Each structure stands twice: as C-alpha cells, then as structure tokens.
Amino acid sequence: MDPIVVILLLVLVIAAVIIANIKIVPQSYVWVIERLGAYHGSWGTGIHVKVPFIDRIAKKVNLKEQVIDFPPQDVITKDNVSMKIDTVIFFMITNPMQFTYGVERPIKAIENLSATSLRNIVGDLDLEATLTSRDLINSNITRVLDEATDRWGIKVIRVELKNIIPPPEIQDSMEKQMKADRERREKVIQAEAEKKSQVLVAEGEKESKILRAQADKEAKILAAEAEKQSMILRADAVKEQKILEAQGEAQAIEMVQQSVAESIVKLNSANPNEAVIQLKSLEAFGKAADGKATKIIIPSEIQGLAGLAAGIQGVVDDKDVATVKPKRISE
C-alpha cells in the first residue's frame, strides 16, 4: 500500500478519535469523569476533551430541580385506621460525585425512605389529626429525608401529600358527618338571620316610639311656648292700655289744673271787686252743697248775703250746718 495513503488514513483516524472525544456539557448538567476506573473530576457547562481509552463518562447528572410522584403507600394511624397516602417529592442534586457513588439507585432509596418516614409519622397521629395536619406531616417528612439524603448529594426541598385515601366505610362516615355539619351550620345561620331580623324589627319599633314621643314632646313645648308668648302679649297689651289710661288721666288733670291756673291768672288780671268775689264764693258753696257731706262750714264772709237761708234750705234738709265763727246752725 502506498505509504502516503497509509499516513492519510492514520491522520483521519486520529482526527476522528480526537473529534469523538471533544465533549460539550450543556447548561444545568455536570458529567462525572472516571480515569482508569477511578473518579477523576466533574465537568461543568462548556467544551471538554476526554482522553481516549483512559477517561470515561461515569454519569451525566442533571442539576435542575426534579419532581417525583410516588405511588400511594399503605399506612396505619394511631387509632388503627388503614389508609393510603401518596406523596410528591421536590429535590435537586447538589453534589454530583456523591450522587454517583453515594448510593445505588438513589431515586428508589428516596422512595423507600419516604415510605418508612411517612408510616412512622402517621403512626403517631389519629385519623382526624392525619386529615387535618398535612403541613405538619409535610414538614416532618421533608426534615427526615433532607437529613438522610444529604450524604448522597441530594437536597430535598419539600414534600407534599398529594392524596389521603381513607377506607370506604370511613369515607361514608365522613360524608355523613360533613352533611350533618352542613345542616347544623345552615340551621344556625337561619336562626341567626331570624334573630337579627327580630332585633331589627324591635329596634325599628323602638326608634319609631322614641320619634313619636319626641314629636309629642316638641309639640307640647311649642304649644306651651305659644301660650306663654300669647300671655306675655296680652299682659303687655293690658300694661300698655293702663299706661295710656294713666297718661290720659294725668293729661286731663294737668289740663284741668292748667285751666284753673289760667282762670286764676285771668281773674287776678281783671282785678275783681268785693261783690264779685262774694258771688264766686257763693257759687263754689253751691257746688259743695250738692255733695253728700253731712256737715257744711259756711264762711263768715257770705253770712250776710240776702236770701242765703232760702237758697240752701232745700239742700240741707237733713244735714248739720255750722258757721265758722259767729254761730253754728244745727238741726
């Protein structure tokens, strides 16, 4: 064979081997490499060259968070009730070397570990606590699995109880109990609604009575105020009337006095003689005699007037008449 051809074939084989041993690790993956059967290293994301016939890819490890849904597990509660519980586990690989060499079939190991942990936890709870304590069971299983899988390079993030399936007779009993509870709550709600309705009606009647009483009170107060104002106005009117009457009488008296004073002034200005004065005195005596006095005092100045006895005879039939100085005339 031509040596050139042989060299070309040898170059092609070497190039093919080199190209075949150039590896590209994708994102979120780590490849575990063994050299001559022993752990050599872990390749991260990027291009790597494997030594032909010496290095071997032992395992390709996925670093993303993973989810495993295990089939239902048979468990028995503290009060001897058998049921089935299936779980969902969320985990991720944190150490590819420990995950590769720490345990054989790690997923199966996690399943068995979760089943035994679930039986231990539920065995300490009764049926009602098991049905109402999902968060407690989830946190306890997560803690147990995380501690156990740490040496395998696995981080258990959380565990969720997907389904809790009790026996059929327990389900029937629970449904009857739930139905009874719903009916009881319905009756309680109806009773509370009826109570609130009666309370509202009573409060409405109370408010109505209060409003009517307040209206009657205000009406009586207004009537009393009106009567008071009316009485005040009547009293003011009577007062004004009396004041006006008193003012009229005072004015009349003042006018009489003024007339008397004016007549005296005129009389003085006229300079009357003795005969006129005696005549005026006689007129004044006649007016006084018209009264109801039982005694009349006759001034001495008019005793000598002619016909005095005849003038006053009819007036003083039953009256005592006395003179001031000369003599007294009596019956």
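Up top you'll find the structure we're talking about.
None of the values given here were measured: they were computed from a predicted structure.

Chemist: Is there a simple way to explain a nonpolar patch on the surface in this structure?
Modeler: A cluster of nonpolar side chains, namely Leu10, Ile14, Ile18, Ile22, Ile24, Ile47 and Val49, defines an oily patch on the protein surface of about 700 Å² accessible area. Elements with a minimum of two residues in the nonpolar patch: α1 (3-20), β1 (22-25) and β4 (46-49). Considering each element in turn, the nonpolar patch owes the most residues, three residues, to α1. Within the secondary structure, Ile24 sits in strand β1.

Chemist: So what exactly am I meant to see when it comes to the environment of Thr45 here?
Modeler: Inspection of the secondary structure assignment puts Thr45 in the loop between β3 (38-43) and β4. Classification of Thr45 by relative accessible area gives partly exposed; the value is 47%. Taking the C-alpha atoms as reference points, Thr45 and Ser28, separated by 17 residues in sequence, lie 7.2 Å from one another. Excluding its chain neighbours within four sequence positions, the residues that come into contact with Thr45 are Val25, Pro26, Gln27, Ser28 and Tyr29. At 3.3 Å, the side chain of Thr45 forms a polar contact with the backbone oxygen of Pro26.

Chemist: Explain the packing of aromatic side chains to me, please; I cannot follow it from the model alone.
Modeler: Remark: the centre distance and the inter-plane angle together describe each pair of aromatic rings, the angle taken between the planes. On inspection of all chains with the given rule, the structure shows one aromatic pair. Ring centres of Tyr39 and Tyr101 lie 6.0 Å apart, and the angle between their planes is 80°; this geometry places the pair in the edge-to-face category. Of this pair, Tyr39 sits in strand β3 while Tyr101 sits in helix α2 (residues 96-101), and the two are 62 residues apart along the sequence. Using a relative accessible area of 38% as the deciding quantity, one classes Tyr39 as partly exposed. When its relative accessible area of 37% is taken as the criterion, Tyr101 is described as partly exposed. A cation over an aromatic ring shows up here: Arg158 above the ring of Phe90, its NZ or CZ 4.1 Å from the ring centre.

Chemist: What is the right way to read the nonpolar core from this model?
Modeler: For soluble globular proteins, the rule of thumb is that nonpolar side chains tend to be buried together. Core analysis: the largest hydrophobic core is formed by 32 residues, its most contacted members being Ile85, Ile89, Leu118, Ile137 and Ile141. Only β8 (82-93), α3 (106-122), α4 (127-132), α5 (134-149) and β9 (154-165) provide two or more residues apiece to this core. If one sorts the elements of this core by residue count, α3 sits on top with six residues. Dropping the residues within four chain positions of it, Ile89 is found in contact with Gln66, Val67, Ile68, Phe70, Ile110, Ser114, Leu145, Val156, Arg158 and Val159.

Chemist: When you look at the pattern of salt bridges in this model, what are you seeing that I'm missing?
Modeler: A side chain of one charge can pair with a side chain of the opposite charge if their charged atoms are brought near each other. Considering all chains together, one arrives at eight salt bridges under this definition. The partner of Arg35 in a salt bridge is Asp55, with the nearest N and O atoms 2.4 Å apart. Here the residue Arg35 occupies a position in strand β2 (residues 29-35), and Asp55 occupies one in strand β5 (residues 55-62), the gap between them amounting to 20 residues. For Arg35, a relative accessible area of 32% gives the class partly exposed. A residue is classified by how much of its surface remains accessible, and Asp55, at 5% relative accessible area, is buried. A salt bridge links Lys108 to Glu111, with the shortest nitrogen-to-oxygen separation between them at 3.8 Å. Pair noted here: Lys108 and Glu111 are both in helix α3, with a separation of three residues, about one helical turn. On the accessibility criterion, Glu111 (17% relative accessible area) is buried.

Calculation rules
- Residues numbered from 1 in each chain as written.
- Predicted model: local features only at pLDDT ≥ 70, side-chain atom pairs only at ≥ 80, totals over all residues.
- Heavy atoms only, no water.
- Patch = residues over 30% accessible without salt bridge, like charges linked within 9 Å, V, L, I, M, F, W, Y side chains within 5 Å.
- Areas by Shrake-Rupley, 256 points an atom, 1.4 Å probe, with all protein chains shown as cover.
- Salt bridge = Lys/Arg side-chain N within 4 Å of Asp/Glu carboxyl O.
- Helix = DSSP H or I, 4+ residues; strand = E, 2+ residues; numbered from the N terminus.
- Buried < 20%, exposed > 50% of the residue type's maximum accessible area, 1.4 Å probe, protein only.
- Contact = heavy atoms within 4.5 Å.
- Polar contact = N/O pair within 3.5 Å; in protein donor to acceptor, adjacent residues only side chain to side chain.
- Phe/Tyr/Trp six-rings, centres within 6.5 Å; stacked < 30°, edge-to-face > 60°.
- Lys NZ or Arg CZ within 6 Å of the ring centre and 35° of its normal.
- Core = buried A, V, L, I, M, F, W, Y, C linked by side-chain atoms within 4.5 Å.

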